[in-house]
Each structure stands twice: as structure tokens, then as C-alpha cells.
Amino acid sequence: MSLVKWTFVGLLLLPAAELVVLLLATATIGWFWTVVLLLGASLTGVYLLRRTGRGDFDRLRAAFAQDGLRAIHLETPGFATMLGAILLVIPGFIPDIVGAALFVPAFRRWAVGTIGRAARQRPQDPMVIDLEPHEWRQLPEPGKKRRRKPKGER
């Protein structure tokens, strides 16, 4: 299954899993403490974003300016902590657990290794041909006339 399909399935199952976790937490520790935990995690996320958000965002923006989209991964300085804080702000226990885990360097290393192995093991589509930039050129669409340059621009 492709990454897009797995993401879609995960987004569909997340609310159901979150409801189950919420009911289990409520049955275990009660409504009051469940609400206190959810509010505490959200306030912690807001605090962390305010404290480190600007610096992390500036580092991420500099890495993005230098490397483009390839710069966005968990090893980019500040990206994991900013993502973790954002996940803490989102209400729910599952995003809170993942967000808190992103602050632990051992979890980040494990996640990078797991995602990297999964990406390498993913079978390539036989209908896709990967070309280097020097191996292709863009052709004009058929039926579209090319606009001529005015005489002064030649």
C-alpha cells in the first residue's frame, strides 16, 4: 500500500482509537484527571512552542532555504521538537504521547531508522522511470502554439 493510502487509513482510524483511549483513561483515573491531563499537555505544548518555537522555526527555515524539501526530516535541527510541541497542543492522548516521545533523542533515532528502512524496502512502481535532471527535457504540449517573442527581446 502506498504512503498516501496508509496516511488516509491512519487519519480515519485515529478518531476511533482516540475515543477508545479517552474512555480507558476516564475509566481508569476519572473524568476530572483525564481533563486535567489533556489540558496540561496542551498548555505544555503552548509553553514549549513559545519558548523554543522561534529559534526552531528559524533553524528549520534556514535548512529549508538551503536544501529545499529534502531538509524536512526528524534529524533537521529543531524540526522534531517543534513537531512534538505542535502534537502536544492537539487535544488527545495519542498525539500527546507521540509529541512527548519526539523530545526523546532515542525515540527520534529509532523513528528515523524505521522510516528509512520502510522507505528503502518499498517496491518501486515498474511504470515509474526515475531520470536525472540532465536526462530529460520538457516538450511543449501538442495543440498549444508557442508564443513568439517580440522583436526587441531576441
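Criteria and cut-off values
- Residues numbered from 1 in each chain as written.
- Predicted model: local features only at pLDDT ≥ 70, side-chain atom pairs only at ≥ 80, totals over all residues.
- Heavy atoms only, no water.
- Axes fitted to C-alpha atoms, helices over the stretch in contact; angles between N-to-C directions.
- Helix = DSSP H or I, 4+ residues; strand = E, 2+ residues; numbered from the N terminus.
- Parallel < 35°, antiparallel > 145°, perpendicular 65-115°, else oblique.
- Left-handed = near helix turned anticlockwise from the far one by under 90°.
- Contact = heavy atoms within 4.5 Å.
- Expected span 1.5 Å × (residues − 1).
- Buried < 20%, exposed > 50% of the residue type's maximum accessible area, 1.4 Å probe, protein only.
- Phe/Tyr/Trp six-rings, centres within 6.5 Å; stacked < 30°, edge-to-face > 60°.

(A) Structural detail: the packing of helix H3 (residues 79-89) against helix H4 (residues 93-101). For the pair H3 and H4, the least separation of the axes is 7 Å and the interaxial angle reads 160°. For the element pair H3 / H4, the angle class is roughly antiparallel. In terms of crossing hand, the pair formed by H3 and H4 is left-handed. Contact residues: H3 offers Gly84, Leu87 and Leu88, while H4 offers Pro95, Asp96, Val98, Gly99 and Ala100.

(B) Spotlight on helix H2 (residues 31-67). Across its 37 residues, H2 extends only 47 Å between first and last C-alpha, which sits more than 12% below the 54 Å expected from 1.5 Å per residue. Looking only at H2, the buried set comprises Thr34, Leu38, Ala41, Ser42, Gly45, Leu48, Gly53, Asp56, Leu60 and Ala63.

(C) Spatial organisation of the packing of aromatic side chains. Scanning all chains against the criterion turns up two aromatic pairs. For the pair Phe32 and Trp33, a centre-to-centre distance of 5.1 Å together with 75° between the ring planes defines the contact as edge-to-face. For the pair Phe107 and Trp110, a centre-to-centre distance of 5.6 Å together with 35° between the ring planes defines the contact as tilted. With Phe107 and Trp110 both in helix H5 (residues 105-121) and three residues apart, this pair spans about one turn of that helix. Phe107 gets classed as partly exposed once you look at its relative accessible area, which sits at 27%. Accessibility expressed as a relative area gives 52% for Trp110, which makes it exposed.

(D) Up close: the side chain of Thr26. With respect to the secondary-structure elements, Thr26 resides in helix H1 (residues 3-29). Residues contacting Thr26, with those up to four places away along its chain left out, are Trp31 and Thr34.

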